[in-house]
Amino acid sequence: METISIIDASKHVDEEVRIGVWLTNKRSSGKIAFLQLRDGTAFFQGVVVKSNVSAAVFALAKEVRQEESLYVTGTIHQDKRSHFGYEIEISEIEKVGASEDYPITPKEHGVDFLMDHRHLWLRSKRQFAVMQIRNEIIRATYEFFNKEGFIKIDAPILTGSAPEGTTELFHTKYFDKDAYLSQSGQLYEEAGAMAYGKVFSFGPTFRAEKSKTRRHLIEFWMIEPEMAFMHQEQSLEVQERYIAFLVQGVLDNCQYELKLLERDPEVLRRYTELPYPRISYDEAIQLLTDSGEFPDVKWGDDFGSPEETFLAEHFSKPVFVVNYPKAIKPFYMKPHPTRTDVVICADLLAPEGYGEIIGGSERATDVRYLTEQIKKAGLDEKDYEWYLDLRRYGSVPHSGFGLGLERAVTWITGEEHIREAIPFPRLLNRIYP
RNA sequence: UGCUCAGUAGUUCAGUGGUAGAAUAAUUGACUGUUAAUCAAGAGGUCGUAGGUUCGAAUCCUACCUGAGCAGCCA
(Lines give C-alpha, C1' and ligand atoms only; values in the text may rest on other atoms or scores of the structure.)
Protein backbone atom coordinates (compact mmCIF):
# COMPACT_ATOMS: atom_id res chain seq x y z
CA MET A 1 0.00 0.00 0.00
CA GLU A 2 1.27 3.43 -0.96
CA THR A 3 1.79 6.36 1.40
CA ILE A 4 0.68 9.52 -0.41
CA SER A 5 0.13 13.27 0.08
CA ILE A 6 -3.37 14.75 0.16
CA ILE A 7 -2.58 16.93 -2.86
CA ASP A 8 -2.15 13.73 -4.92
CA ALA A 9 -5.49 12.22 -3.87
CA SER A 10 -6.93 12.65 -7.36
CA LYS A 11 -4.34 10.17 -8.71
CA HIS A 12 -5.41 7.43 -6.29
CA VAL A 13 -9.21 7.31 -6.61
CA ASP A 14 -10.63 4.01 -5.35
CA GLU A 15 -7.17 2.92 -4.14
CA GLU A 16 -6.30 2.08 -0.57
CA VAL A 17 -3.58 4.45 0.67
CA ARG A 18 -1.93 5.67 3.84
CA ILE A 19 -1.45 9.37 4.74
CA GLY A 20 0.39 11.07 7.60
CA VAL A 21 -1.91 13.87 8.80
CA TRP A 22 -2.89 16.26 11.56
CA LEU A 23 -6.48 16.69 12.69
CA THR A 24 -7.76 20.25 12.24
CA ASN A 25 -11.34 19.68 13.35
CA LYS A 26 -13.91 16.93 13.68
CA ARG A 27 -17.65 16.32 13.76
CA SER A 28 -19.25 13.09 14.74
CA SER A 29 -22.53 11.40 15.37
CA GLY A 30 -23.34 8.01 16.79
CA LYS A 31 -22.63 6.17 13.56
CA ILE A 32 -20.32 8.39 11.48
CA ALA A 33 -17.37 10.68 12.17
CA PHE A 34 -15.90 13.35 9.92
CA LEU A 35 -12.24 14.10 10.52
CA GLN A 36 -10.88 17.29 8.95
CA LEU A 37 -7.30 16.52 7.98
CA ARG A 38 -4.25 18.37 6.74
CA ASP A 39 -0.79 17.16 5.77
CA GLY A 40 0.92 20.38 4.66
CA THR A 41 0.06 19.86 0.99
CA ALA A 42 -3.71 20.34 1.21
CA PHE A 43 -6.78 19.98 3.44
CA PHE A 44 -9.46 17.34 3.08
CA GLN A 45 -11.87 15.18 5.01
CA GLY A 46 -11.70 11.65 6.33
CA VAL A 47 -14.95 9.77 6.86
CA VAL A 48 -15.22 6.99 9.45
CA VAL A 49 -18.40 4.90 9.18
CA LYS A 50 -19.07 2.89 12.34
CA SER A 51 -20.50 -0.15 10.52
CA ASN A 52 -17.42 -0.45 8.28
CA VAL A 53 -14.64 -0.30 10.89
CA SER A 54 -13.71 -2.05 14.10
CA ALA A 55 -15.14 -0.74 17.38
CA ALA A 56 -11.65 0.36 18.40
CA VAL A 57 -11.12 2.46 15.26
CA PHE A 58 -14.51 4.17 15.64
CA ALA A 59 -13.84 4.87 19.32
CA LEU A 60 -10.47 6.40 18.37
CA ALA A 61 -12.14 8.54 15.67
CA LYS A 62 -14.52 9.91 18.32
CA GLU A 63 -11.81 10.75 20.86
CA VAL A 64 -9.04 12.07 18.61
CA ARG A 65 -8.26 15.73 19.36
CA GLN A 66 -7.42 18.87 17.45
CA GLU A 67 -3.87 18.87 16.01
CA GLU A 68 -3.09 15.30 17.00
CA SER A 69 -0.92 13.61 14.39
CA LEU A 70 -2.12 10.37 12.83
CA TYR A 71 -1.52 7.85 10.11
CA VAL A 72 -4.83 7.15 8.43
CA THR A 73 -5.40 4.25 6.07
CA GLY A 74 -8.37 4.13 3.75
CA THR A 75 -9.81 4.43 0.27
CA ILE A 76 -9.83 7.68 -1.72
CA HIS A 77 -13.23 8.63 -3.12
CA GLN A 78 -14.24 11.40 -5.44
CA ASP A 79 -17.14 13.21 -3.78
CA LYS A 80 -18.98 16.38 -4.81
CA ARG A 81 -19.94 17.05 -1.18
CA SER A 82 -16.26 17.55 -0.31
CA HIS A 83 -14.82 21.07 -0.72
CA PHE A 84 -11.59 19.52 -1.95
CA GLY A 85 -13.38 17.21 -4.41
CA TYR A 86 -11.96 14.07 -2.78
CA GLU A 87 -12.10 12.45 0.62
CA ILE A 88 -10.79 9.34 2.28
CA GLU A 89 -12.99 6.66 3.78
CA ILE A 90 -10.90 5.56 6.71
CA SER A 91 -10.40 1.92 7.71
CA GLU A 92 -7.49 2.27 10.15
CA ILE A 93 -6.20 5.06 12.40
CA GLU A 94 -2.80 5.04 14.08
CA LYS A 95 -2.14 7.80 16.59
CA VAL A 96 1.36 9.30 16.29
CA GLY A 97 1.52 12.33 18.59
CA ALA A 98 -0.97 13.57 21.19
CA SER A 99 -2.27 17.13 21.46
CA GLU A 100 -4.09 18.65 24.40
CA ASP A 101 -5.87 22.01 24.55
CA TYR A 102 -4.62 23.32 21.21
CA PRO A 103 -4.82 27.09 21.63
CA ILE A 104 -6.04 28.08 18.15
CA THR A 105 -9.66 27.02 17.84
CA PRO A 106 -11.84 27.19 14.70
CA LYS A 107 -13.35 30.43 16.07
CA GLU A 108 -12.13 34.01 15.84
CA HIS A 109 -8.93 35.19 17.47
CA GLY A 110 -7.28 38.56 17.93
CA VAL A 111 -4.05 39.59 16.21
CA ASP A 112 -1.97 39.66 19.39
CA PHE A 113 -3.03 36.16 20.40
CA LEU A 114 -2.38 34.78 16.93
CA MET A 115 1.01 36.47 16.74
CA ASP A 116 1.99 35.00 20.12
CA HIS A 117 1.14 31.61 18.58
CA ARG A 118 2.61 32.27 15.15
CA HIS A 119 4.45 28.91 15.27
CA LEU A 120 1.03 27.20 15.43
CA TRP A 121 -0.92 29.77 13.42
CA LEU A 122 1.15 28.80 10.37
CA ARG A 123 -0.77 25.49 10.35
CA SER A 124 -4.11 27.11 9.58
CA LYS A 125 -5.66 27.29 6.12
CA ARG A 126 -5.17 30.94 5.30
CA GLN A 127 -1.57 30.96 6.43
CA PHE A 128 -0.95 27.76 4.49
CA ALA A 129 -2.26 29.40 1.32
CA VAL A 130 -0.18 32.55 1.82
CA MET A 131 3.03 30.58 2.46
CA GLN A 132 2.44 28.39 -0.61
CA ILE A 133 2.01 31.49 -2.74
CA ARG A 134 5.09 33.06 -1.16
CA ASN A 135 6.99 29.94 -2.13
CA GLU A 136 5.68 30.15 -5.71
CA ILE A 137 6.83 33.78 -5.94
CA ILE A 138 10.29 32.75 -4.72
CA ARG A 139 10.40 29.83 -7.16
CA ALA A 140 9.25 32.01 -10.07
CA THR A 141 11.83 34.66 -9.15
CA TYR A 142 14.68 32.19 -9.58
CA GLU A 143 13.18 30.85 -12.80
CA PHE A 144 12.71 34.34 -14.23
CA PHE A 145 16.21 35.62 -13.54
CA ASN A 146 17.85 32.40 -14.68
CA LYS A 147 15.80 32.46 -17.87
CA GLU A 148 16.85 36.09 -18.50
CA GLY A 149 20.54 35.34 -18.05
CA PHE A 150 21.09 36.73 -14.54
CA ILE A 151 23.31 35.12 -11.94
CA LYS A 152 22.71 35.36 -8.21
CA ILE A 153 25.41 37.31 -6.41
CA ASP A 154 24.91 37.41 -2.67
CA ALA A 155 25.45 40.74 -0.97
CA PRO A 156 26.87 40.73 2.56
CA ILE A 157 24.51 41.02 5.50
CA LEU A 158 27.12 42.54 7.82
CA THR A 159 28.41 45.85 6.56
CA GLY A 160 30.89 48.36 7.93
CA SER A 161 28.99 51.49 6.94
CA ALA A 162 25.57 52.76 6.01
CA PRO A 163 24.96 52.05 2.30
CA GLU A 164 22.47 54.88 1.92
CA GLY A 165 23.04 56.65 5.17
CA THR A 166 19.44 57.74 5.41
CA THR A 167 17.38 55.25 7.34
CA GLU A 168 18.27 53.83 10.71
CA LEU A 169 20.41 50.72 10.84
CA PHE A 170 20.74 47.91 13.32
CA HIS A 171 24.06 48.35 15.03
CA THR A 172 26.20 45.41 16.11
CA LYS A 173 29.86 44.63 16.72
CA TYR A 174 32.27 43.00 14.29
CA PHE A 175 34.90 41.87 16.79
CA ASP A 176 36.29 45.23 17.97
CA LYS A 177 34.77 47.27 15.13
CA ASP A 178 31.28 48.68 14.53
CA ALA A 179 29.07 46.90 12.05
CA TYR A 180 25.53 47.21 10.75
CA LEU A 181 22.97 44.81 9.37
CA SER A 182 22.35 45.33 5.69
CA GLN A 183 19.50 47.61 4.66
CA SER A 184 20.19 47.06 0.95
CA GLY A 185 22.53 44.97 -1.18
CA GLN A 186 22.34 47.36 -4.08
CA LEU A 187 25.80 48.90 -4.01
CA TYR A 188 27.32 45.42 -3.94
CA GLU A 189 25.09 44.35 -6.81
CA GLU A 190 26.50 47.24 -8.83
CA ALA A 191 29.95 45.73 -8.29
CA GLY A 192 28.47 42.38 -9.34
CA ALA A 193 26.96 43.86 -12.52
CA MET A 194 30.37 45.27 -13.51
CA ALA A 195 31.81 41.79 -13.04
CA TYR A 196 29.08 39.56 -14.48
CA GLY A 197 26.68 41.75 -16.47
CA LYS A 198 23.27 40.84 -15.08
CA VAL A 199 23.05 39.88 -11.42
CA PHE A 200 20.54 39.75 -8.62
CA SER A 201 20.55 39.32 -4.89
CA PHE A 202 17.84 37.81 -2.77
CA GLY A 203 18.28 38.09 0.94
CA PRO A 204 17.12 39.55 4.22
CA THR A 205 17.10 43.27 4.84
CA PHE A 206 16.93 45.10 8.16
CA ARG A 207 15.47 48.52 8.90
CA ALA A 208 15.64 49.81 12.44
CA GLU A 209 12.80 52.24 11.85
CA LYS A 210 9.93 52.63 14.24
CA SER A 211 7.52 51.73 11.48
CA LYS A 212 4.10 50.60 12.57
CA THR A 213 1.97 50.14 9.47
CA ARG A 214 0.46 47.35 7.43
CA ARG A 215 3.23 47.76 4.83
CA HIS A 216 6.35 47.62 6.98
CA LEU A 217 8.45 44.90 8.53
CA ILE A 218 11.64 45.38 10.53
CA GLU A 219 13.18 42.37 8.79
CA PHE A 220 12.09 41.56 5.24
CA TRP A 221 13.34 39.91 2.06
CA MET A 222 14.37 41.86 -0.96
CA ILE A 223 15.20 40.94 -4.54
CA GLU A 224 17.68 43.37 -6.08
CA PRO A 225 18.61 42.93 -9.74
CA GLU A 226 21.33 45.08 -11.31
CA MET A 227 22.11 45.22 -15.02
CA ALA A 228 25.18 46.57 -16.87
CA PHE A 229 24.85 48.29 -20.25
CA MET A 230 21.25 49.05 -19.48
CA HIS A 231 19.29 52.28 -19.46
CA GLN A 232 16.25 52.93 -17.32
CA GLU A 233 13.67 52.37 -20.08
CA GLN A 234 14.94 48.81 -20.67
CA SER A 235 15.06 48.23 -16.92
CA LEU A 236 11.37 49.14 -16.66
CA GLU A 237 10.64 46.48 -19.30
CA VAL A 238 12.50 43.87 -17.21
CA GLN A 239 10.56 44.99 -14.14
CA GLU A 240 7.13 44.66 -15.70
CA ARG A 241 8.02 41.34 -17.34
CA TYR A 242 9.18 40.12 -13.92
CA ILE A 243 6.02 41.18 -12.09
CA ALA A 244 3.77 39.69 -14.79
CA PHE A 245 5.80 36.46 -14.60
CA LEU A 246 5.29 36.24 -10.83
CA VAL A 247 1.54 36.77 -11.16
CA GLN A 248 1.34 34.25 -14.01
CA GLY A 249 3.26 31.71 -11.91
CA VAL A 250 0.73 32.09 -9.10
CA LEU A 251 -2.16 31.75 -11.57
CA ASP A 252 -0.60 28.62 -13.10
CA ASN A 253 0.43 26.86 -9.90
CA CYS A 254 -1.69 28.18 -7.02
CA GLN A 255 -5.35 27.96 -8.05
CA TYR A 256 -6.14 25.91 -4.93
CA GLU A 257 -4.50 28.50 -2.68
CA LEU A 258 -6.25 31.40 -4.43
CA LYS A 259 -9.55 29.62 -3.82
CA LEU A 260 -8.74 29.17 -0.12
CA LEU A 261 -7.97 32.90 0.08
CA GLU A 262 -11.01 33.84 -2.03
CA ARG A 263 -8.67 35.87 -4.25
CA ASP A 264 -10.28 36.46 -7.65
CA PRO A 265 -7.96 35.06 -10.37
CA GLU A 266 -9.56 37.36 -12.93
CA VAL A 267 -8.27 40.40 -11.03
CA LEU A 268 -4.77 38.90 -11.04
CA ARG A 269 -4.99 37.98 -14.72
CA ARG A 270 -5.31 41.67 -15.63
CA TYR A 271 -1.94 42.30 -13.96
CA THR A 272 -0.26 39.99 -16.50
CA GLU A 273 -1.24 42.32 -19.36
CA LEU A 274 1.71 44.49 -20.40
CA PRO A 275 2.83 47.16 -20.60
CA TYR A 276 2.09 48.91 -17.31
CA PRO A 277 1.39 52.64 -17.63
CA ARG A 278 4.24 55.07 -17.01
CA ILE A 279 3.66 58.58 -15.73
CA SER A 280 6.18 61.18 -14.75
CA TYR A 281 6.40 62.55 -11.24
CA ASP A 282 5.29 65.90 -12.73
CA GLU A 283 2.17 64.26 -14.21
CA ALA A 284 1.48 62.47 -10.94
CA ILE A 285 1.52 65.80 -9.08
CA GLN A 286 -0.84 67.21 -11.72
CA LEU A 287 -3.23 64.24 -11.33
CA LEU A 288 -3.27 64.62 -7.56
CA THR A 289 -3.86 68.37 -7.79
CA ASP A 290 -6.62 68.00 -10.42
CA SER A 291 -8.43 65.43 -8.29
CA GLY A 292 -9.07 68.06 -5.63
CA GLU A 293 -8.51 65.45 -2.94
CA PHE A 294 -4.98 66.55 -2.12
CA PRO A 295 -5.05 70.33 -1.67
CA ASP A 296 -1.70 70.43 0.16
CA VAL A 297 0.36 68.46 -2.33
CA LYS A 298 3.04 70.41 -4.18
CA TRP A 299 5.97 69.69 -6.49
CA GLY A 300 8.92 68.42 -4.45
CA ASP A 301 6.88 66.39 -1.94
CA ASP A 302 7.32 62.66 -1.60
CA PHE A 303 4.08 60.69 -1.87
CA GLY A 304 2.45 59.27 1.24
CA SER A 305 0.28 56.19 1.18
CA PRO A 306 -2.98 58.04 0.39
CA GLU A 307 -1.30 59.58 -2.67
CA GLU A 308 0.17 56.26 -3.81
CA THR A 309 -3.21 54.56 -3.41
CA PHE A 310 -4.94 57.27 -5.43
CA LEU A 311 -2.42 57.05 -8.28
CA ALA A 312 -2.54 53.26 -8.51
CA GLU A 313 -6.35 53.19 -8.33
CA HIS A 314 -6.47 55.72 -11.15
CA PHE A 315 -4.94 53.12 -13.51
CA SER A 316 -6.26 49.90 -11.84
CA LYS A 317 -2.97 48.27 -12.85
CA PRO A 318 0.54 48.60 -11.48
CA VAL A 319 1.88 52.00 -12.57
CA PHE A 320 5.42 53.35 -12.88
CA VAL A 321 5.96 56.84 -11.56
CA VAL A 322 9.20 58.03 -13.13
CA ASN A 323 11.78 60.75 -12.44
CA TYR A 324 11.26 62.02 -8.91
CA PRO A 325 12.84 65.19 -7.53
CA LYS A 326 16.53 64.75 -6.82
CA ALA A 327 16.12 66.16 -3.33
CA ILE A 328 13.99 63.22 -2.07
CA LYS A 329 16.05 60.40 -3.65
CA PRO A 330 19.38 58.79 -2.72
CA PHE A 331 22.79 59.98 -3.90
CA TYR A 332 23.55 57.22 -6.42
CA MET A 333 20.77 57.94 -8.92
CA LYS A 334 21.63 59.24 -12.39
CA PRO A 335 20.88 62.93 -12.93
CA HIS A 336 18.45 63.79 -15.72
CA PRO A 337 20.28 64.79 -18.94
CA THR A 338 18.38 68.08 -19.43
CA ARG A 339 16.95 68.89 -16.01
CA THR A 340 18.79 69.50 -12.78
CA ASP A 341 15.79 69.01 -10.49
CA VAL A 342 14.95 65.33 -11.17
CA VAL A 343 16.78 61.98 -11.36
CA ILE A 344 16.28 58.93 -13.61
CA CYS A 345 14.30 56.61 -11.40
CA ALA A 346 10.94 54.87 -11.05
CA ASP A 347 8.71 53.46 -8.35
CA LEU A 348 6.20 50.78 -9.27
CA LEU A 349 2.94 51.28 -7.37
CA ALA A 350 0.71 48.24 -6.94
CA PRO A 351 -3.05 48.68 -7.29
CA GLU A 352 -5.73 47.98 -4.64
CA GLY A 353 -3.95 50.21 -2.13
CA TYR A 354 -0.80 48.12 -1.69
CA GLY A 355 1.59 50.95 -2.50
CA GLU A 356 5.19 50.83 -3.65
CA ILE A 357 6.47 47.34 -4.43
CA ILE A 358 9.51 48.27 -6.54
CA GLY A 359 11.95 51.16 -6.32
CA GLY A 360 14.60 51.45 -8.99
CA SER A 361 16.81 53.78 -10.98
CA GLU A 362 19.56 54.22 -13.48
CA ARG A 363 22.77 54.76 -11.55
CA ALA A 364 25.12 57.72 -11.76
CA THR A 365 28.25 56.83 -13.75
CA ASP A 366 30.45 59.90 -13.33
CA VAL A 367 32.99 59.63 -10.53
CA ARG A 368 33.17 63.38 -9.94
CA TYR A 369 29.38 63.77 -9.73
CA LEU A 370 29.12 60.81 -7.33
CA THR A 371 31.90 62.09 -5.07
CA GLU A 372 30.07 65.39 -4.85
CA GLN A 373 26.76 63.66 -4.01
CA ILE A 374 28.38 61.54 -1.31
CA LYS A 375 29.77 64.66 0.34
CA LYS A 376 26.42 66.47 0.03
CA ALA A 377 24.67 63.54 1.68
CA GLY A 378 27.04 63.89 4.61
CA LEU A 379 28.60 60.46 4.04
CA ASP A 380 32.22 59.55 4.55
CA GLU A 381 33.99 59.32 1.17
CA LYS A 382 36.45 56.75 2.57
CA ASP A 383 33.61 54.24 3.03
CA TYR A 384 32.72 54.55 -0.67
CA GLU A 385 36.16 54.28 -2.29
CA TRP A 386 35.38 50.78 -3.53
CA TYR A 387 32.06 52.01 -4.94
CA LEU A 388 33.76 54.88 -6.74
CA ASP A 389 36.25 52.39 -8.22
CA LEU A 390 33.31 50.95 -10.20
CA ARG A 391 33.24 54.31 -12.05
CA ARG A 392 37.02 54.61 -12.33
CA TYR A 393 37.48 51.30 -14.13
CA GLY A 394 35.18 50.92 -17.13
CA SER A 395 32.03 52.66 -15.96
CA VAL A 396 28.98 51.81 -18.07
CA PRO A 397 25.31 52.82 -18.07
CA HIS A 398 23.60 50.52 -15.60
CA SER A 399 20.26 50.24 -13.88
CA GLY A 400 18.66 48.20 -11.18
CA PHE A 401 15.75 47.90 -8.82
CA GLY A 402 14.59 46.38 -5.56
CA LEU A 403 11.41 44.37 -5.00
CA GLY A 404 10.08 43.83 -1.49
CA LEU A 405 9.11 40.15 -1.40
CA GLU A 406 6.54 40.48 1.38
CA ARG A 407 4.90 43.48 -0.27
CA ALA A 408 4.52 41.46 -3.46
CA VAL A 409 3.12 38.51 -1.49
CA THR A 410 0.66 40.74 0.38
CA TRP A 411 -0.55 42.30 -2.85
CA ILE A 412 -0.86 39.08 -4.88
CA THR A 413 -2.59 37.17 -2.06
CA GLY A 414 -4.85 40.14 -1.28
CA GLU A 415 -3.93 40.01 2.43
CA GLU A 416 -4.68 42.99 4.66
CA HIS A 417 -1.35 43.14 6.44
CA ILE A 418 2.28 42.43 5.55
CA ARG A 419 2.87 40.58 8.84
CA GLU A 420 1.07 37.54 7.38
CA ALA A 421 3.30 37.44 4.29
CA ILE A 422 6.40 36.19 6.17
CA PRO A 423 6.57 33.08 8.38
CA PHE A 424 7.90 34.81 11.51
CA PRO A 425 7.42 38.56 11.22
CA ARG A 426 9.75 40.93 13.02
CA LEU A 427 7.64 43.92 13.99
CA LEU A 428 8.11 46.91 16.22
CA ASN A 429 8.34 45.35 19.73
CA ARG A 430 7.79 41.81 18.50
CA ILE A 431 10.62 39.32 18.23
CA TYR A 432 8.75 36.28 19.64
CA PRO A 433 8.32 33.57 18.54
C1' U B 1 7.79 58.77 17.46
C1' G B 2 2.71 61.40 17.13
C1' C B 3 -2.74 60.95 17.19
C1' U B 4 -6.90 57.59 18.22
C1' C B 5 -8.80 53.16 20.45
C1' A B 6 -8.53 48.81 23.49
C1' G B 7 -6.94 45.31 27.75
C1' U B 8 -12.93 41.11 31.90
C1' A B 9 -13.32 32.90 31.53
C1' G B 10 -8.51 29.07 27.16
C1' U B 11 -10.62 32.41 23.10
C1' U B 12 -14.08 36.46 21.09
C1' C B 13 -16.78 39.98 23.61
C1' A B 14 -21.07 42.38 26.74
C1' G B 15 -21.21 44.70 31.44
C1' U B 16 -20.02 52.63 32.68
C1' G B 17 -20.81 53.03 40.93
C1' G B 18 -24.36 48.11 44.29
C1' U B 19 -23.49 39.68 44.56
C1' A B 20 -18.94 38.46 37.57
C1' G B 21 -22.24 37.59 32.26
C1' A B 22 -22.92 35.45 27.06
C1' A B 23 -21.09 32.80 23.00
C1' U B 24 -17.46 29.49 21.77
C1' A B 25 -13.46 25.95 22.93
C1' A B 26 -12.27 21.97 26.32
C1' U B 27 -15.14 17.85 29.35
C1' U B 28 -19.57 14.31 29.53
C1' G B 29 -23.93 12.44 26.92
C1' A B 30 -27.47 12.15 22.24
C1' C B 31 -27.65 12.02 16.87
C1' U B 32 -25.75 8.19 9.67
C1' G B 33 -23.28 13.12 5.21
C1' U B 34 -21.35 16.99 8.62
C1' U B 35 -18.74 21.79 6.33
C1' A B 36 -17.56 27.53 12.21
C1' A B 37 -22.66 20.71 12.38
C1' U B 38 -26.81 20.54 15.94
C1' C B 39 -29.07 19.44 20.89
C1' A B 40 -28.42 18.70 26.42
C1' A B 41 -25.43 18.94 31.06
C1' G B 42 -21.78 20.28 34.48
C1' A B 43 -17.32 23.12 34.83
C1' G B 44 -14.46 27.44 33.94
C1' G B 45 -12.44 34.54 36.73
C1' U B 46 -6.24 38.06 40.96
C1' C B 47 -11.77 42.20 35.54
C1' G B 48 -3.47 44.43 32.45
C1' U B 49 -0.26 46.46 36.94
C1' A B 50 0.31 50.02 40.99
C1' G B 51 -1.81 53.86 43.62
C1' G B 52 -6.10 57.12 44.65
C1' U B 53 -11.58 58.78 45.23
C1' U B 54 -15.91 56.29 47.58
C1' C B 55 -19.91 53.16 52.64
C1' G B 56 -18.93 50.32 48.10
C1' A B 57 -14.76 50.30 41.94
C1' A B 58 -14.46 45.76 36.28
C1' U B 59 -16.94 50.67 36.13
C1' C B 60 -14.50 57.27 38.23
C1' C B 61 -9.18 59.66 38.62
C1' U B 62 -3.52 59.34 38.07
C1' A B 63 0.80 56.82 36.52
C1' C B 64 2.85 52.76 34.19
C1' C B 65 2.77 48.21 31.04
C1' U B 66 0.91 45.65 26.69
C1' G B 67 -1.47 45.60 22.02
C1' A B 68 -4.24 47.50 17.69
C1' G B 69 -5.61 51.27 13.74
C1' C B 70 -3.82 55.57 11.16
C1' A B 71 0.47 58.80 9.96
C1' G B 72 5.81 59.56 8.99
C1' C B 73 10.09 56.59 7.15
C1' C B 74 10.60 52.99 3.06
C1' A B 75 10.59 47.55 -0.16
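The rules behind these values
Residues numbered from 1 in each chain as written. Chains lettered and ligands numbered in written order. Predicted model: local features only at pLDDT ≥ 70, side-chain atom pairs only at ≥ 80, totals over all residues. Heavy atoms only, no water. Domains from an automatic or database assignment. Contact = heavy atoms within 4.5 Å. Buried area = accessible area lost by both parts, 1.4 Å probe. Near = heavy atom within 4 Å. Polar contact = N/O pair within 3.5 Å; in protein donor to acceptor, adjacent residues only side chain to side chain. Helix = DSSP H or I, 4+ residues; strand = E, 2+ residues; numbered from the N terminus. Nonpolar A, V, L, I, M, F, W, Y, C, P; charged D, E, K, R; others polar. Salt bridge = Lys/Arg side-chain N within 4 Å of Asp/Glu carboxyl O. Buried < 20%, exposed > 50% of the residue type's maximum accessible area, 1.4 Å probe, protein only.

**Let's talk about the domain arrangement of chain A**
Often the size quoted for an interface is simply the accessible area lost on bringing the parts together.
Next up, step 1: Considered domain by domain, chain A is made up of domain 1 (2-97) and domain 2 (119-421).
Next up, step 2: Taking the mean C-alpha position of each, domain 1 and domain 2 sit 45 Å from one another.
Next up, step 3: The interface of domain 1 with domain 2 comprises 9 residues on the first partner and 7 residues on the second.
Next up, step 4: Across the domain 1/domain 2 interface, buried area totals approximately 640 Å², and carbon plus sulfur atoms make up 59% of it.

**Quick look at the protein's contact with RNA strand B**
Next up, step 1: Not every one of the 50 residues close to RNA strand B is listed here, only the nearest: R27, R207, R214, H216 and R407.
Next up, step 2: The sugar-phosphate backbone supplies 48% of the atoms of RNA strand B found within 4 Å of the protein.
Next up, step 3: One nitrogen or oxygen atom from the main chain of S28 is found 3.1 Å from a base nitrogen belonging to RNA strand B.
Next up, step 4: Take E87: an N or O atom from its side chain is 2.8 Å from a base nitrogen of RNA strand B.
Next up, step 5: Among the secondary structure elements, those contributing two or more residues to the surface near RNA strand B are β2 (16-28), β3 (32-38), α2 (111-116), β12 (219-228), α10 (305-315) and β16 (355-362).
Next up, step 6: The dominant element in the surface near RNA strand B, judged by the number of residues it contributes, is β16, at 4 residues.
Next up, step 7: Taken together, the residues that form the surface near RNA strand B break down as 9 nonpolar, 19 polar and 22 charged.

**Things to note about the pattern of salt bridges**
Next up, step 1: Throughout the structure, instances matching the rule amount to 33 salt bridges.
Next up, step 2: R214 is the partner of E416 in a salt bridge, and the nearest nitrogen-oxygen pair spans 3.6 Å. With a gap of 202 residues between them, E416 in the segment after α13 (405-413) and R214 in the loop between β11 (198-206) and β12 connect regions that are remote in the sequence.
Next up, step 3: For E416, a relative accessible area of 57% corresponds to the exposed category.
Next up, step 4: Among the salt bridges present, the one from R278 reaches E233, with a minimum N-O distance of 3.3 Å. Taken as a pair, R278 in strand β13 (residues 278-280) and E233 in helix α6 (residues 232-253) lie far apart in primary sequence, 45 residues in all.
Next up, step 5: Owing to a relative accessible area of 28%, R278 belongs among the partly exposed residues under this scheme.
Next up, step 6: The structure contains a network of salt bridges with shared partners spanning R38, E67 and R123.

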